[in-house]
Amino acid sequence: MLQYEKEFDPGADASPADDRADGGSGHAGYATDEEVYVFDDARLVLAVNIALKTRRPLLLFGPPGSGKSSLAPNVARVLGWKHHAHVVTARTEPEDLLWRFDALKRLNDAQSKSLREDRHYYTEGPLWRAFAEGNRSGQRCVVLIDEIDKADPDLPNSLLGPLGSHSFPLPWDDTEQITVAGEHAPLVVITTNDERELPRPFLRRCIVFELGPPSRDHLLSVARQHLGPHFDGDLAGRLADHLLHIRATQENAPHGPSTAEFLDALKASHQLGVSPGTPEWTVLEAVTLWKRRDGTERPA
């Protein structure tokens with residue numbers, strides 16, 4: 001057991017859906033990804049604490065469905081902080097994380113002769129909101145920048161300044177800064193599916209953690225927390241073993257079935273009343289776990 005002074009300590013936070021105050025707000029009483037997270041890896045908890053103490057971004061590697069994106073809202077929930085998120089796409093521009101400029105509204109106002117100062121056409125992006133909230137009221141935030149590898153390499157490089165200094169100039173007046181004191185700075189969680197290599201200067205300025213493949217115990221813990229009173233240990237164990245078998249026999253293991261797909265199979269089995277050993281079960285396994293996996297064939 002790792003021993004150190006924790007700012008972030010999930011402890012026994014991950015309680016089953018039926019034990020939570022609201023009974024779980026997900027479909028059919030299931031807990032959602034924002035309500036529970038299985039912090040069973042002490043190294044991950046330490047990595048979060050290192051990011052908090054060094055005020056560096058936490059960069060998470062891992063295959064899709066491994067829980068990268070749901071870490072940030074759960075860290076925010078445990079700490080009692082606010083949560084902001086931005087999902088990166090191939091069209092994301094560097095400034096989108098700081099602000100958005102409404103050029104169309106400005107054009108319409110210009111045509112109607114009601115043009116206002118430039119500041120009125122900017123809206124705050126997730127980092128601006130987190131900095132402003134910390135500066136105004138001391139409200140700390142967790143900011144999720146999801147799938148940063150989808151963007152052009154210019155985007156991570158453009159974050160070096162704002163994330164390093166916790167400040168950036170206003171877009172309409174570069175003599176004035178939006179800034180936040182270090183003790184009120186947000187925790188920035190950045191995820192990548194490793195589809196594109198990230199710039200080395202960016203990596204050097206991050207705390208980097210890689211989520212590994214799920215173990216059987218982890219899968220059962222996740223199922224227990226999410227399904228609550230609907231958890232069936234025998235069924236979950238069978239599906240967990242099946243998932244691990246697929247991953248073990250697949251040539252490209254990182255693209256094997258994920259924890260999210262495992263939960264889909266369990267929830268579908270429960271809601272549809274599909275039992276192992278039936279033709280329907282074979283179809284359920286195929287559409288939730290096997291899909292079109294490379295390097296392995298689904299048994300007849």
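Basis of the calculations
- Residues numbered from 1 in each chain as written.
- Predicted model: local features only at pLDDT ≥ 70, side-chain atom pairs only at ≥ 80, totals over all residues.
- Heavy atoms only, no water.
- Axes fitted to C-alpha atoms, helices over the stretch in contact; angles between N-to-C directions.
- Helix = DSSP H or I, 4+ residues; strand = E, 2+ residues; numbered from the N terminus.
- Parallel < 35°, antiparallel > 145°, perpendicular 65-115°, else oblique.
- Left-handed = near helix turned anticlockwise from the far one by under 90°.
- Contact = heavy atoms within 4.5 Å.
- Nonpolar A, V, L, I, M, F, W, Y, C, P; charged D, E, K, R; others polar.
- Patch = residues over 30% accessible without salt bridge, like charges linked within 9 Å, V, L, I, M, F, W, Y side chains within 5 Å.
- Areas by Shrake-Rupley, 256 points an atom, 1.4 Å probe, with all protein chains shown as cover.
- Salt bridge = Lys/Arg side-chain N within 4 Å of Asp/Glu carboxyl O.
- Lys, Arg positive; Asp, Glu negative; His and termini not counted.
- Charge placed at Lys NZ, Arg CZ, Asp CG, Glu CD.
- Buried < 20%, exposed > 50% of the residue type's maximum accessible area, 1.4 Å probe, protein only.
- Core = buried A, V, L, I, M, F, W, Y, C linked by side-chain atoms within 4.5 Å.
- Expected span 1.5 Å × (residues − 1).
- pLDDT = per-residue confidence, 0-100.

**Quick look at the packing of helix 8 (residues 216-227) against helix 10 (residues 259-272)**
So, point 1. Interhelical geometry of helix 8 versus helix 10 gives an angle of 50° and a closest axis separation of 10 Å. In terms of axis orientation, helix 8 runs oblique to helix 10. For helix 8 against helix 10, the interelement crossing comes out right-handed. Here His218, Leu219, Val222, Ala223, His226 and Leu227 of helix 8 lie close against helix 10, whose contacting residues are Thr259, Phe262, Leu263, Leu266 and Lys267.
So, point 2. Across the contact of helix 8 with helix 10, the residue classes tally to seven nonpolar, three polar and one charged.

**Comments concerning a negative patch on the surface**
So, point 1. Together, Glu93, Glu95, Asp152 and Asp154 make up a negatively charged patch on the protein surface.
So, point 2. Relative to the helices and strands, Glu95 is located in the loop between strand 2 (82-87) and strand 3 (99-101).
So, point 3. Look at Glu95 and you get partly exposed, because its relative accessible area is 34%.

**Overview of the nonpolar core**
So, point 1. Grouped together as the largest cluster of nonpolar side chains are 31 residues, with contacts concentrated most on Leu59, Leu127, Ile145, Leu159 and Ile190.
So, point 2. Breaking this core down by element, the ones donating at least two residues are strand 1 (58-61), helix 4 (126-137), strand 5 (141-146), strand 6 (167-170), strand 8 (187-192) and helix 7 (200-204).
So, point 3. For this core, the leading source of residues is helix 4, giving five residues.
So, point 4. Judged by nonpolar contacts, the second largest core, of 24 residues, contains Phe39, Ala51, Val142 and Ile207.

**Re helix 2 (residues 68-79)**
So, point 1. Helix length check: helix 2 (12 residues) gives 18 Å between terminal C-alpha atoms against 16 Å at 1.5 Å per residue, within 8%.
So, point 2. Inspection of helix 2 places Lys68, Ser70, Leu71, Ala72, Pro73, Asn74, Val75, Ala76 and Leu79 among the buried residues, and these make up the whole buried set.
So, point 3. Here the buried face of helix 2 lies against helix 1 (42-54), strand 1, strand 2, strand 5 and strand 8.
So, point 4. Count one or two residues on from helix 2 and you reach Gly80, which has phi positive near 75°.

**Re the packing of helix 8 against helix 9 (residues 233-249)**
So, point 1. Taken N-terminus to C-terminus, the directions of helix 8 and helix 9 make an angle of 135°; their axes are 10 Å apart at the nearest point. By the angle between their axes, helix 8 is oblique relative to helix 9. Seen along the crossing, helix 8 lies across helix 9 with a hand that is right-handed. Contacts between helix 8 and helix 9 involve Arg216, Leu219, Leu220 and Ala223 on the former and, on the latter, Ala236, Gly237, Ala240, Asp241, Leu243 and Leu244.
So, point 2. When its residues are assigned to classes, the contact of helix 8 with helix 9 shows seven nonpolar, one polar and two charged.

**Some remarks on the confidence of the model for the chain**
So, point 1. Put simply, the chain has an average pLDDT of 87, and 89% of its residues get 70 or more.
So, point 2. Here residues 20-24 is modelled with pLDDT under 50, and outside its nearest four sequence neighbours on either side it reaches 13 contacts, counting other chains as well.

**With respect to the side chain of Ser167**
So, point 1. Looking at the element boundaries, Ser167 is found in strand 6.
So, point 2. With relative accessibility at 15%, the residue Ser167 sits in the buried group.
So, point 3. Once residues within four sequence positions are removed from consideration, Ser167 is found in contact with Phe131, Gly161, Pro162, Gln177, Ile178 and Thr179.

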